[in-house]
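Structural overview
Each chain, written out:
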Amino acid sequence: MPLRNKIRSFPRPTRPSHQSLSPTPATDSPWSTARLALTAIFAVDGFLFAAWVVRIPDVRSQVSASHSALGLALLCLSIGAVLTMPLIGRLCLRYGSRPVTVGSLTLLSLAVPLPAHAHSVAALGAVLLLFGVGYGGANVAMNSAAVDLVAQLRRPVMPSFHAGYSLGGLLGAGLGGLLAGHLSAAWALACSGLLGLAVTAVAGVALLRSPAAPMIAPERAGSKEQGSASSGRVRLLVLLFGLTALCTAYGEGAIADWTTLHLTDDVHASAGTAAVGYAAYAFAMTTGRVGGTWLSIRLGQNRVMLFGGVLAAAGMVIAALAPAVPLAIGGFVLVGLGLANLFPLAIAQAGVAGGPQGVALASTLGYGGMLIGPVVIGFLADAVGLPLALTTVAVAASAAALVPLSTRRHVSGGGGGTTVASSEQMTGNR
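A short tour of the structure in this document, coming up. (Residues numbered from 1 in each chain as written. Predicted model: local features only at pLDDT ≥ 70, side-chain atom pairs only at ≥ 80, totals over all residues. Heavy atoms only, no water.)

This paragraph deals with the overall build of the chain. When helices and strands are tallied, the chain shows 15 helices and 4 strands. The 430 residues of the chain split such that 53% are buried. (Helix = DSSP H or I, 4+ residues; strand = E, 2+ residues; numbered from the N terminus. Buried < 20%, exposed > 50% of the residue type's maximum accessible area, 1.4 Å probe, protein only.)

Tallied over the full model, the rule gives 5 aromatic pairs. Counting every residue linked through ring pairs, the aromatic cluster contains Phe49, Trp52, Phe131, Tyr135 and Tyr367. (Phe/Tyr/Trp six-rings, centres within 6.5 Å; stacked < 30°, edge-to-face > 60°.)

What follows concerns the packing of helix 1 (residues 33-53) against helix 4 (residues 97-111). Two elements in contact, helix 1 and helix 4, have axes separated by 11 Å at closest approach and are oriented at 30 degrees. Taken as axis vectors, helix 1 and helix 4 run roughly parallel relative to one another. Handedness of the helix 1/helix 4 crossing: left-handed. Taken together, the residues of helix 4 that come into contact with helix 1 (itself represented by Ala34, Ile41, Val44, Asp45 and Leu48) are Arg98, Thr101, Leu105, Leu108 and Ser109. (Axes fitted to C-alpha atoms, helices over the stretch in contact; angles between N-to-C directions. Parallel < 35°, antiparallel > 145°, perpendicular 65-115°, else oblique. Left-handed = near helix turned anticlockwise from the far one by under 90°. Contact = heavy atoms within 4.5 Å.)

The topology assignment puts Leu107 in helix 4. According to the relative accessible area criterion, Leu107 is partly exposed, its value standing at 28%. A C-alpha to C-alpha distance of 8.2 Å links Leu107 and Val133, two positions 26 residues apart in sequence. Setting aside its immediate chain neighbours within four residues, Leu107 contacts Leu130, Val133 and Gly134.

Moving on, we come to unusual backbone geometry. In this model, Ser64 sits at a positive phi of 55 degrees, which is unusual for a non-glycine residue. Residue position: Ser64 is located in the loop between helix 2 (56-63) and helix 3 (67-95). A residue is classified by how much of its surface remains accessible, and Ser64, at 65% relative accessible area, is exposed. Unlike most non-glycine residues, His268 shows phi in positive territory, near 65 degrees. Structurally, His268 is set in the loop between helix 8 (224-265) and helix 9 (271-290).

Our focus in this paragraph is the side chain of Thr101. With respect to the helices and strands, the residue Thr101 is situated in helix 4. Looking at Thr101, the relative accessible area reads 1%, which means it is buried. Here Thr101 is in contact with Ile41, Ala141, Met142 and Ala145, once residues within four sequence places are set aside.

Bringing the packing of helix 5 (residues 121-153) against helix 6 (residues 158-179) into the picture now. Packing of helix 5 against helix 6 brings their axes to within 9 Å, and their N-to-C directions diverge by 150 degrees. Crossing hand, helix 5 versus helix 6: right-handed. Residues Tyr135, Met142, Asn143, Ala146, Val147, Leu149 and Val150 of helix 5 form the contact with helix 6, whose participating residues are Met158, Phe161, His162 and Tyr165. Class assignment for the residues of the contact of helix 5 with helix 6 results in 9 nonpolar, 2 polar and no charged. (Nonpolar A, V, L, I, M, F, W, Y, C, P; charged D, E, K, R; others polar.)

This brings us to the environment of Ala146. For Ala146, the position within the fold is in helix 5. Take Ala146: its relative accessible area is 0%, and that puts it in the buried class. Between the C-alpha atoms of Ala146 and Met158, which are 12 residues apart in sequence, the distance is 6.7 Å. Every residue in contact with Ala146, bar those within four places of it in the chain, is listed here: Leu38, Phe42, Met158 and Phe161.

What follows concerns the layout of surface pockets. In this approach the atoms are scanned with a rolling probe the size of a water molecule, which exposes any empty space left behind. Here the largest pocket is characterised by a volume of approximately 2,000 Å³. Together, 50 residues line the largest pocket, and Phe49, Val53, Ala256, Asp257 and Met370 are the ones closest to its centre. When residues of the lining of the largest pocket are traced back to their parent elements, those giving at least two are helix 1, helix 3, helix 5, helix 6, helix 8, helix 9 and helix 13 (342-384). Partitioned by chemical class, the residues of the lining of the largest pocket number 32 nonpolar, 15 polar and 3 charged. (1 Å grid on protein atoms, 1.4 Å probe; cavity = no way out; pocket = protein on both sides within 12 Å on 5 of 7 lines; lining within 4 Å. Points joined across faces, edges and corners; volume = space filled by probe spheres on them.)

A few words on the nonpolar core. Residues Leu38, Leu124, Phe131, Phe161, Met316 and Ile377 are the most contacted members of the largest nonpolar core, which totals 105 residues. The contacts of Met316, once residues within four sequence positions are left out, are Ile255, Gly331, Phe332, Val335, Leu390, Val393 and Ala394. (Core = buried A, V, L, I, M, F, W, Y, C linked by side-chain atoms within 4.5 Å.)

As structure tokens, this is what we get:
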């Protein structure tokens, strides 16, 4: 007999305990205070990360790091994030996703200025480890809070939160580039950290004071046999959605590091045109996420993921093998549109299946994909050339497109399975 997800709410420290005994009813307004506040939190998270990325060359010169030494220091950021993500999932279950989101983003805002004050590679690695803790914690917690809010709104609005992240990243990169010739890295990162603290304070208070969203957690079965079967099915679902996140992030990481080089070396674009090509890809991804909720309501999340993976695969083949610059840039635009909603919808589905710990596992796998993507492309480029190496992104996108078909069988199957709430269920469509 299929086992349904149980929605239960957890008490919040600042409210009387009796308010948490019954689930919060769905709101009629698609743009509640909580949604606006959480979107701002996603945006400032993307802004802070981009503000750091555009200052990496300055920090590298400051610590006199070689390429390999800088790579090891940057690896500390990834290590901090990956080690933190599973712990944050447990903290969200115990204390609630919203307080953990505010705390993690506060830590990230405080950590952003620190790299500009490091004067050795070891010191840079240490502060980037702290940076990674804040960044990884914020990403798991805010996605967990978003999953709960999606259930409360009964609308598949997860892509809109990630659109906020993308917009924040574009703003952070653009503003950072404009100020690079006028502000030192120390001042620029300090101002970014202060902005992060200000937004966290305002949006965090609004989020914490909003009516508590129900927390999604898999229901425990009555018998040990049913409990074991349902637990295994939940883990399988979360793993499948985590693999979707990994395949998507593999492509995002590879494109971020290799797009401009491919356009200049293989398609013979100028440096300015190559920068425009990557900007077109980033803008296409942001646009796709802005329209992701509309598409999810009308097509359903599984169809959006399926079509997105196919579109990204086709676009990547065009971008990798195109003989002309306009055609290659057009291919990257298709990749951006295709990949746009795969990651947020995979995280959302993992959260519905496994709660905050499902979000943590899927996020960890996704972050791992972003780490290995550029490395794999680099090794393959030396062996077979960069254009053919980039076609592995098409393979990964195709794999991501096939995952929804696998999860549909597990979601709808009997034998003590778990029913994952899809966008059709949340909106009442189809």
